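# Survey of secondary and tertiary structure
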Amino acid sequence: MKKIFALAIILLIFAQLGSAKKLISHDISIEVKESNAAVTERYLLGLNVTEANEFDNISKTSASELKAWQEFYDKIKVSLKSYDNLMISSTKIGGGQFGYEVKLEYLVENFSPIIEEQGRYETRKIIGKEFVFYDNDTGILVIPVETYLNIKLLDTTPENIVKLSPTPWISDGTSFKWIGGTYTSDFEIIYKTEKAVSESFGLEQTIKQIITDPIYAGIIIIILVLAMIYRKQLVKIIVESFTEEEIELPKKEL
């Protein structure tokens, strides 16, 4: 009887060890506007009573310190290789009944750089090398298990998506979701964004347009030549437009 009791105690100890710090889900949400990205990562953990108390203690004393959370659970990390303005917060979902969440929020500059400009459009590109789970040696990106990668493009339309690889699990045109376990050697999102009218007619943009578009350059040259030929007439028209007095219509007699 004593042996059975001792065995039960040992099994209980191992059961407690086996229940330690479980990653329920890791959700990465990236909103891309122009070249920059706003990133939110949510680590949802399952904890036992002892771990929950430690979670509460870190939340009260070191909630904004990434190192403290990594010492608590080493899988908590920033998933992009470069970032700025990191903010960390924590919460108990349903008082801990549905898990314990650590949230990372930060910005990434030049996440979607311009690779081509043509007329009113800029072509931008997002690549897998930006993520920490991209292996430089093999060239393979593997989204970890329990991780969901969500990317939303805020300044384009579905018809301006040039390339989307690999095929996302869910897509609504400009929002894409990939699930954990996805692996690829060709993670790319290429899309076009339309420049504002004021940007399209800037001097720098006009010069680039002349250099890259022969037809546009030809039109500009023709306009300049005509302006030189008929400059006197143009000056006369402009002067007359400023000096011409308003013509009053004759008043109708009563």
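This section reports on the structure supplied with the text. (Residues numbered from 1 in each chain as written. Predicted model: local features only at pLDDT ≥ 70, side-chain atom pairs only at ≥ 80, totals over all residues. Heavy atoms only, no water.)

Now for the overall build of the protein chain. A count of helices and strands for the protein chain gives seven helices and 14 strands. Here the protein chain, with 254 residues, has 32% of them falling under the buried criterion. Long-range pairs, those at least 24 residues apart, make up 62% of the contacts in the protein chain between residues at least 6 apart in sequence. Counting every atom, the protein chain has about 17,100 Å² of accessible surface; 59% of that belongs to carbon and sulfur. (Helix = DSSP H or I, 4+ residues; strand = E, 2+ residues; numbered from the N terminus. Buried < 20%, exposed > 50% of the residue type's maximum accessible area, 1.4 Å probe, protein only. Contact = heavy atoms within 4.5 Å. Areas by Shrake-Rupley, 256 points an atom, 1.4 Å probe, with all protein chains shown as cover.)

Counting 41 residues, the largest nonpolar core has Ile-30, Val-32, Phe-111, Phe-131, Leu-149 and Ile-151 as the members making the most contacts within it. In terms of residue count, the dominant contributor to this core is strand β4 (residues 100–108) (five residues). In this structure Ile-151 touches Ile-30, Val-32, Ile-126, Thr-174, Ser-175, Phe-176, Trp-178, Phe-187 and Ile-189, once residues within four positions along its chain are discounted. (Core = buried A, V, L, I, M, F, W, Y, C linked by side-chain atoms within 4.5 Å.)

On to the sheet that holds strand β10 (residues 161–165). Working definition: the strands of a sheet are paired by backbone hydrogen bonds and lie parallel or antiparallel to each other. Strands sit in the order β5-β6-β14-β10 across an open sheet of four strands; the sheet is antiparallel. The sheet is open, and its two borders are formed by β5 (114–118) and β10, each paired with just one other strand. Each strand of the sheet is rotated relative to its neighbour by a mean of 20 degrees, with strand direction disregarded. Here β10 runs beside strand β14 (residues 188–194); their pairing, made up of four bridges, is antiparallel. What sits directly across from Ser-165, in β14, is Glu-188. (Pairing = 2+ DSSP bridges. Axes fitted to C-alpha atoms, helices over the stretch in contact; angles between N-to-C directions.)

Following the criterion strictly, the structure yields eight salt bridges and no others. Between Asp-186 and Lys-163 there is a salt bridge whose closest N-O contact spans 3.2 Å. Here Asp-186, found in the loop between β13 (183–184) and β14, pairs with Lys-163, found in strand β10; they are 23 residues apart in sequence, far enough to count as distant. Since its relative accessible area comes to 30%, Asp-186 is described here as partly exposed. (Salt bridge = Lys/Arg side-chain N within 4 Å of Asp/Glu carboxyl O.)

What follows concerns the pairing of strand β12 (residues 175–179). Pairing between strand β9 (residues 147–153) and β12: five bridges, direction antiparallel. Bridged to Asn-150 within β12 is Lys-177. Where strand β11 (residues 170–171) and β12 come together, two bridges link them in antiparallel fashion. The residue bridging Ile-170 from the neighbouring strand is Lys-177, located in β12.

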